[in-house]
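# Geometric and topological summary
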Amino acid sequence: MAVELYAYTCGFVTIPYGFLLQGMKGRLTVPVPAYLIVHEKGRALFDSGLNLESQTDPLGYFGEDGLKYNTFHFLPGEEVSARLTATGIAPEDVDIVINSHLHYDHSGGNAQAPNAQVLVQSREWAHAKATADQNLGYLAKDFDTGQKLRLVDGEHDVFGDGSVVCLPTYGHTPGHQSLRVQTELGGEFILCGDACYLKKTLEDLHLPGVIADQAAAMAVLHRFREMQARGSKIMFGHDPDFWKTVPQAPVRLG
Ligand SMILES: [Zn+2]
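Quick notes on the rules
- Every residue gets a number counted from 1 within its own chain, in the order that chain's sequence is written.
- The model is predicted, so local features are restricted to residues of pLDDT at least 70 and side-chain atom pairs to those at 80 or more, both for listing and for counting; the totals for chains, interfaces and linings are taken over all residues.
- Side-chain metrics rest on all non-hydrogen atoms present in the structure, leaving aside hydrogens and water.
- Put simply, DSSP H or I for four residues or longer makes a helix, DSSP E for two residues or longer makes a strand, and each gets a number counted from the N terminus.
- The reference for a compact globule is 2.2 Å times residues^0.38; the radius of gyration itself is calculated from the C-alpha atoms.
- When a residue's accessible area, from a 1.4 Å probe over protein chains only, is under 20% of the maximum for its type it is buried; when over 50% it is exposed; and in between it is partly exposed.
- Any two residues whose heavy atoms approach within 4.5 Å at even a single point are treated as in contact.
- Here the accessible surface of atoms and residues is derived via Shrake-Rupley with a 1.4 Å probe, and residues count as covered only by protein chains that are part of the display.
- In this tally, Asp and Glu contribute negative charge and Lys and Arg positive charge; neither His nor the terminal groups of the chain are included.
- The atom standing in for a charge is NZ when the residue is Lys, CZ when it is Arg, CG when it is Asp and CD when it is Glu.
- Here a patch means residues that are over 30% exposed by relative accessible area and free of salt bridges, tied together within 9 Å if like-charged and within 5 Å if nonpolar (Val, Leu, Ile, Met, Phe, Trp, Tyr).
- Should a side-chain nitrogen of Lys or Arg be within 4 Å of a carboxyl oxygen of Asp or Glu, the pair is scored as a salt bridge.
- What the arc covers is the set of directions going from the helix axis to the C-beta atoms.
- Each polar contact in these results corresponds to two N or O atoms within 3.5 Å; when the atoms are within protein, one needs to be able to donate a hydrogen and the other to accept it, and residues that are neighboring in sequence are counted only if both atoms are side-chain atoms.
- Only rings of Phe, Tyr and Trp enter the pairing, Trp through its six-membered ring, and a pair is recorded when the two centres are within 6.5 Å. The plane angle decides the type: under 30 degrees is stacked, over 60 is edge-to-face, the rest tilted.
- For Na, K and Ca the donor cut-off is 3.2 Å, while for other metals it is 2.8 Å, and in both cases only N, O and S atoms qualify; water is not among them, so sites may look incomplete.
- A pair of sulfur atoms, both from cysteines and within 2.5 Å, is called a disulfide here.
- Between any two strands, pairing holds if DSSP finds at least two bridges.
- Angles shown run from 0 to 180 degrees and are taken between the N-to-C directions of axes, each axis being a line fitted to C-alpha atoms and, for helices, limited to the stretch in contact.

## Digging into the overall build of the protein chain
Along the protein chain, the regular secondary structure elements total 10 helices and 12 strands. For 254 residues, the compact-globule estimate of 2.2 N^0.38 gives 18 Å, and the protein chain sits close to it at 17 Å. In the protein chain, which comprises 254 residues, the proportion classed as buried is 56%. The contacts of the protein chain with a sequence gap of at least 6 include a subset with a gap of at least 24, amounting to 64%. Total accessible area computed for the protein chain in this model is approximately 10,300 Å², and 53% of it derives from carbon and sulfur atoms. Considering the protein chain, the positive charge centre built from 20 side chains and the negative charge centre built from 30 side chains are found 5 Å apart.

## Some remarks on a nonpolar patch on the surface
The grouping of F19, Y69, L136 and V210 at the surface amounts to a nonpolar patch, some 340 Å² of accessible area in total. Mapped onto the elements, L136 comes out in the loop between α6 (122–131) and α7 (140–143).

## Comments concerning α6
Since the α-helix advances by 3.6 residues per turn, residues separated by three or four positions end up pointing in the same direction. Burial in α6 covers these residues: E124, W125, A128 and T131. The arc enclosing the buried residues of α6, seen along the axis, measures out at 150°, which places them on a common side. In the core, the buried residues of α6 are packed alongside β6 (117–121), α7 and β7 (149–152).

## Some thoughts on the side chain of H176
Along the chain, H176 turns up in the loop between β9 (164–168) and β10 (177–183). Here the side chain of H176 touches D194 through a polar contact of 2.9 Å, landing on its backbone nitrogen. Beyond its immediate sequence surroundings of up to four residues, H176 is in contact with S100, H101, E124, L167, P168, T169, Y170, C192, G193, D194 and A195.

## Description of a negative patch on the surface
Together, E40, E155, D157 and D161 line one region of the surface with negative charge. For D157, the location among the structural elements is in strand β8 (residues 156–157).

## Some details on the packing of aromatic side chains
By the definition in use, this model includes 10 aromatic pairs. Measuring from ring centre to ring centre gives 6.3 Å for Y35 and F46, while their planes differ by 45°; the resulting arrangement is tilted. Of this pair, Y35 sits in strand β2 (residues 27–39) while F46 is found in strand β3 (residues 42–46), placing the two residues 11 residues apart along the sequence. Grouping residues by exposure puts Y35 and F46 together as buried. Each ring, one from F236 and one from F242, has its centre 5.1 Å from the other, and the planes form 85°; the classification is edge-to-face.

## Concerning the coordination of the zinc ion
At 2.1 to 2.2 Å from the zinc ion lie its protein donor atoms, namely H101 (NE2), H103 (ND1), H172 (NE2) and D194 (OD). For the zinc ion, the single-chain donor residues occur in sequence as H-x1-H-x68-H-x21-D. You can see H103 sitting in the loop between β5 (96–98) and α5 (104–107) and its partner H172 sitting in the loop between β9 and β10, a full 69 residues away along the chain. With respect to class, H103 is no different from H172; both count as buried.

## Describing the state of the cysteines
Evaluated as defined, the whole model comprises 0 disulfides. C10 carries a free sulfur, and the closest cysteine sulfur to it, the one in C192, is 17 Å from it. No disulfide involves C166; its nearest neighbouring cysteine sulfur is the one of C192, lying 14 Å away. Residue C166 is classed as buried on the basis of its relative accessible area of 0%.

## Regarding the sheet that holds β5
As summarised here, the arrangement of the 7 strands in space is β4-β1-β2-β3-β5-β6-β7, forming an open sheet in which the pairing is mixed. On the outer flanks of this sheet lie β4 (71–73) and β7, each paired with one strand and no other. Taken over all neighbouring pairs, the strand axes of this sheet differ in orientation by 25° on average, direction set aside. Inspection of the sheet shows strand β1 (residues 4–16) paired to β4 by 3 bridges, in the antiparallel sense. Residue pairing for β4: V13 is matched across the bridge by F72. On the sheet, helix α3 (residues 58–69) packs against β1, β2 and β4 and is oriented at approximately 125° with respect to β4.

## Let's talk about the pairing of β10
Here is the key point about a regular strand: its side chains alternate between the two faces of the sheet. For β10, a buried count of 5 out of 7 residues is recorded, marking the element as mostly surrounded by other parts of the structure. Examined bridge by bridge, β9 and β10 share 5 bridges and lie antiparallel to one another. Paired with C166 across the two strands is L179, which belongs to β10. The antiparallel pairing of β10 with strand β11 (residues 187–191) creates a hairpin that spans 3 residues between the two strands.

Right under this line is the structure:
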């Protein structure tokens, strides 16, 4: 099975460094990634980047309080739909959006894939619905966009042949998942999402400042280390230095 994997940078956000690594001061500007997986049974996105409204009207989208913690650097052409179009994929032809979790910088672009099924862990969906619009992480206008839902529990084989598998990596949020992708070109990739923000997170086992379950998040980092030792390529979720080395679509990552 030839699976193709592509990476897209869908803008950047500047956020407090302490959100990414507990105890750090200052701010860090980090990439907002999305991935395209092309399989003979369908096209899948892993995460969808930011909401278009954060590009056209950041104040209306996020409010004054939100903008104290988050500055959007998100230009026309950087949204996931434009990135797809620029590489020859119509956003309407995306079959599945797999969300690592439903925070704004991972699900904000879901509406840009209007015909896709949305694949998320049941417990993440339940948590997002229960807390939507009560904090800045979960906004109903990002994730509650009306597509058909595919709610799963734990490990889930997306296309039924073991090439693209959701891995439960709870901790950052109650229902976070990462994605294991087997490619012929580049071997096995682990798309971490927010389960491992930075290379340093894994090297130093340094957890973020904002986290739902510390023990679960630490157990996930140990699992990632084991996978890395076996040769898997770990795709850190928001590492600005690492991300500069990641080939962008239309160049294949794997
Ligand atoms: Zn998150």
